[in-house]
Amino acid sequence: MKFNWEYTFSLFLDPNLWKAAGLVVVLSVLAWVISNVAGIGLALMKESRSRLLSTVARGYVWLFRSLPLLVLLVFAYNIPQVFPATSVVLGSSFSSALIALVLSESAYMAEIHRGGLMSVSIEQREAARALGLPYGKVQLHIVVPQAFRIALPALGNEFVSIVKLTSLASVISLQEILLVGQQLYTQNFMVLETLLSVAVFYVMLVTVFDQLRALLERKLDVNRRRPALQSEPECIERRVARGRERRAHSGEKLVHAQGVTKSFHGNQVLKGVDVDVHAGEVVVVIGPSGSGKTTLVRTLNHLEPADGGVIEVNGQLLGHRYNAQGRIEALSDKDISLQRRNVGMVFQRFNLFPHKTVLENVTLAPVQLRRMSGTEAENFGMDLLAKVGMSAHAKKYPHQLSGGQQQRVAIARALAMKPSVMLFDEPTSALDPELVQEVLSVIADLAREGITMVIVTHEMKLARDVADWVVFMEDGAVGQQGPPESLFGANADPRIKRFVQTVSDAPIITETPAVAGLMP
Ligand code: ADP
Ligand code: MG
């Protein structure tokens, strides 16, 4: 028997096969999209703190990954025979196939998405929470888009699987490619000829969609994007250093922390810390590594809930409230997010959102939380970027910036919530030495503007020249606090002198009032 090439080629003009290919495309795309959404939901459930949700998701994934698709297909198709009411949904072989595919694929996709979610760093989530975004918005705007980008190659693979798995639906009489082929060769017995063209149909479909996947991957890969053309030269506005009156450590208290304690696994890291921050004041926190400085600032915006003591921001108890019976009860995630909007946070490692432009990083919170319109937020964001000397870079992505530039954007992002107080955790420690000054200049500018700040730093110049009040932390407690001239003056505590000597080569003693000097 000779292979009939002519017949094989003629099948590429067969309208029934093309119709079947169209059906396979529609079924596959629908199954992929729905399974993706369901998969993200299942992955978030599996990762959630709720035991119930994670158990349900775990059970689902376990069950539907164990069941062969063929079994699910036959099941879905035959259920209406026993439960006629289900025929509304499962009436056709198309809907049965779609439901069976979604049930099975969403279990696989859940695991792929979970891998993606896990690879989005905790810092990204924290940066979003620090902006005051509640859980849902953190996931929607920050975590899921980054996770999706990471998961895309594996998700593309799943699409290919789905296209091929649709052939199983021939058993429930879905007029897909394989079934149409079978119907042809049972009439003319040209089995190989028919199957060859059926195979080519599948290869064509997979190839086309693989190209689309590659296109989407390139589109989502911000690392490939070229920076927009610069119209303005890079400049950081260096304002003439104006002296700034030292603020008295008195007046309206924006932050009041008293007896704050915190332990990690039985290791007490904060042992009853008292700190007050008054309106317009710059409080600089210094102290040896491991003394609890980071933990302290993290408790001030509830990124790290304190174990004991009282923290008030703007006169409001942080993370808690008094209920009708006068007892203290914990606030919901949503209410804590609301409180966090009063406290801006700048991290050591910037933690900008890599999938958003500089401007989008800054406008995210105003658009999402303060319901600013697009143009209003854009103008507002551009003003903030101008303040930190970054307006020329608004359209760039974080990876296209130097560390110092990224940190200046992070400062603008935190300012965008118009917080009552700004927290900085070693904002220059991750920077190359030549980039430190540009960030310090911005901080000094903010101090002159009267922005209330708490700054953890090893930059002794900043502590001496910009601080109104210095807190020296030691072994989880405040070793000493006071105005810089008393902490760094001639009669300074020997422990502080020793500490300052270890972190800087600069002379320890300053007799001059600490206002000028830092700025060029
Ligand atoms: P500093 O910022 O002054 O260097 P930290 O506040 O980072 O100090 O840390 C103080 C101590 O708390 C350190 O001993 C550190 O190991 C511990 N610590 C901080 N965060 C955690 C955590 N999430 N889990 C366990 N231990 C922690
Ligand atoms: Mg630290």
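Description of the overall build of the protein
- When its secondary structure is counted, the protein shows 19 helices and twelve strands.
- Relative to a compact globule of 520 residues, whose C-alpha radius of gyration would be 24 Å, the protein shows 31 Å and is clearly more extended.
- Relative to its full complement of 520 residues, the protein shows a buried share of 51%.
- Put simply, 72% of the contacts in the protein that link residues at least 6 apart link residues at least 24 apart.
- For the protein, the accessible surface area stands at approximately 24,500 Å², while carbon and sulfur atoms represent 59% of it.
- Side chains of the protein give 51 positive and 47 negative charges; the mean places of these two sets differ by 3 Å.

A word on the packing of helix α13 (residues 358-369) against helix α14 (residues 374-387)
- Remark: α13 packs on α14, axes separated minimally by 9 Å, with the N-to-C direction vectors making an angle of 125 degrees. In this view, α13 runs oblique relative to α14, as classed from their interaxial angle. Relative to α14, the crossing made by α13 is right-handed. Contacts between α13 and α14 involve V358, L359, V362, T363, P366 and V367 from the former and A377, E378, F380, G381, M382, L384 and L385 from the latter.

Observations regarding unusual backbone geometry
- For F350, which is not glycine, the phi torsion reads 60 degrees and is therefore positive.
- Turning to its location among the elements, F350 is positioned in the loop between β8 (343-346) and α13.
- Residue F350 is classed as buried on the basis of its relative accessible area, which comes to 8%.
- Despite not being glycine, N351 has its phi angle at roughly 55 degrees, a positive value.
- Turning to its location among the elements, N351 is positioned in the loop between β8 and α13.
- Owing to a relative accessible area of 8%, N351 belongs among the buried residues under this scheme.

Section: the site of ligand 1
- Looking at ligand 1, the residues that line it are F264, V269, P288, S289, G290, S291, G292, K293, T294 and T295.
- Here an oxygen atom of ligand 1 sits 3.2 Å away from a polar atom, N or O, in the main chain of S291.
- One of the side-chain N or O atoms of T295 is found 2.5 Å from an oxygen atom in ligand 1.
- Of the residues forming the shell around ligand 1, the biggest block, three residues, is contributed by helix α11 (residues 293-300).
- Here the residues of the shell around ligand 1 are counted per class, giving three nonpolar, six polar and one charged.

Notes on helix α3 (residues 51-66)
- Here α3 contains 16 residues, and its C-alpha end-to-end distance of 22 Å stays within 8% of the 22 Å for a straight helix at 1.5 Å per residue.
- Residues of α3 that are buried include every one of S54, A57, Y60, V61 and F64, and no others. One side of α3 holds all its buried residues, which, seen down the axis, span an arc of 125 degrees. Set apart from the buried face of α3 by more than 90 degrees, the exposed residues are R51, L52 and W62.
- As for α3, its buried residues are in contact with α2 (15-47), α4 (69-82) and α6 (93-118).

Quick word on the pairing of strand β12 (residues 477-482)
- Across five bridges, strand β11 (residues 469-474) lies against β12 in antiparallel orientation. Pairing of E474 across the sheet is with A477, part of β12.
- From the end of β11 to the start of β12, which pair antiparallel, there are two residues, and D475 there has a positive phi angle of about 50 degrees.

Observations regarding the pairing of strand β3 (residues 282-286)
- Summarising burial for β3: five of the five residues are buried, a large majority.
- Burial along β3 is two-sided: the residues V282, V284 and I286 and V283 and V285 are all buried.
- The pairing of β3 with strand β10 (residues 453-456) spans four bridges and is parallel. Note that in β10 the partner of V283 across the bridge is V454.
- With four bridges joining them, β3 and β11 adopt parallel strand pairing. Bridge pairing in β11 links I286 to F472.

Describing the pattern of salt bridges
- All told, the structure shown has 19 salt bridges when counted by the stated rule.
- Of the charged contacts, one joins E111 and R114 as a salt bridge, the two residues approaching to 3.1 Å between their closest N and O atoms. Remark: R114 and E111 occur in helix α6; sequence separation between them is three residues, near one turn of the helix.
- A salt bridge links K262 to D307, with the shortest nitrogen-to-oxygen separation between them at 3.7 Å. Of this pair, K262 sits in strand β1 (residues 253-264) while D307 sits in the loop between α11 and β4 (308-313); the two residues are 45 residues apart in sequence, bridging distant segments of the chain.
- Three or more residues joined by partner-sharing salt bridges are found here, namely K46, E47, E111 and R114.

Notes on the domain arrangement of the protein
- According to the domain assignment, the protein consists of domain 1 (5-221) and domain 2 (257-351 + 419-503).
- Opposite the eleven residues of domain 1 that make contact, domain 2 presents eleven residues.
- Among the residues domain 1 hides against domain 2, the three largest losses belong to E126, R129 and A130. Together they make up 48% of the total.
- Here domain 1 is connected to domain 2 by one salt bridge.

Topic: the sheet that holds β4
- Spatially, β2-β1-β4-β5 is the arrangement adopted by the four strands of the open sheet, whose pairing is antiparallel. The open sheet has two edge strands with one neighbour each: β2 (267-278) and β5 (316-317).
- For β1 and β4, the ladder comprises five bridges, and the chain directions are antiparallel. By the bridge assignment for β4, H256 is matched with E312.
- Each of β1, β2 and β4 is contacted by α11, which is oriented at about 60 degrees to β2, the strand it contacts most.

What to know about the sheet that holds β8
- Taken in spatial order, the six strands of this open sheet run β8-β9-β10-β3-β11-β12, and their pairing is mixed. Two strands bound the open sheet, and with one partner strand each, they are β8 and β12. Each adjacent strand pair in this sheet contributes to an overall mean axis angle of 20 degrees, direction not counted.
- Of the strands in this sheet, β3, β11 and β12 are in contact with helix α19 (residues 494-503), which crosses β11 at around 90 degrees.

Reading the values: the criteria
Residues numbered from 1 in each chain as written. Chains lettered and ligands numbered in written order. Predicted model: local features only at pLDDT ≥ 70, side-chain atom pairs only at ≥ 80, totals over all residues. Heavy atoms only, no water. Helix = DSSP H or I, 4+ residues; strand = E, 2+ residues; numbered from the N terminus. Rg over C-alpha atoms; globule rule 2.2 N^0.38 Å. Buried < 20%, exposed > 50% of the residue type's maximum accessible area, 1.4 Å probe, protein only. Contact = heavy atoms within 4.5 Å. Areas by Shrake-Rupley, 256 points an atom, 1.4 Å probe, with all protein chains shown as cover. Lys, Arg positive; Asp, Glu negative; His and termini not counted. Charge placed at Lys NZ, Arg CZ, Asp CG, Glu CD. Axes fitted to C-alpha atoms, helices over the stretch in contact; angles between N-to-C directions. Parallel < 35°, antiparallel > 145°, perpendicular 65-115°, else oblique. Left-handed = near helix turned anticlockwise from the far one by under 90°. Near = heavy atom within 4 Å. Polar contact = N/O pair within 3.5 Å; in protein donor to acceptor, adjacent residues only side chain to side chain. Nonpolar A, V, L, I, M, F, W, Y, C, P; charged D, E, K, R; others polar. Expected span 1.5 Å × (residues − 1). Arc of directions from axis to C-beta. Pairing = 2+ DSSP bridges. Salt bridge = Lys/Arg side-chain N within 4 Å of Asp/Glu carboxyl O. Domains from an automatic or database assignment. Buried area = accessible area lost by both parts, 1.4 Å probe.

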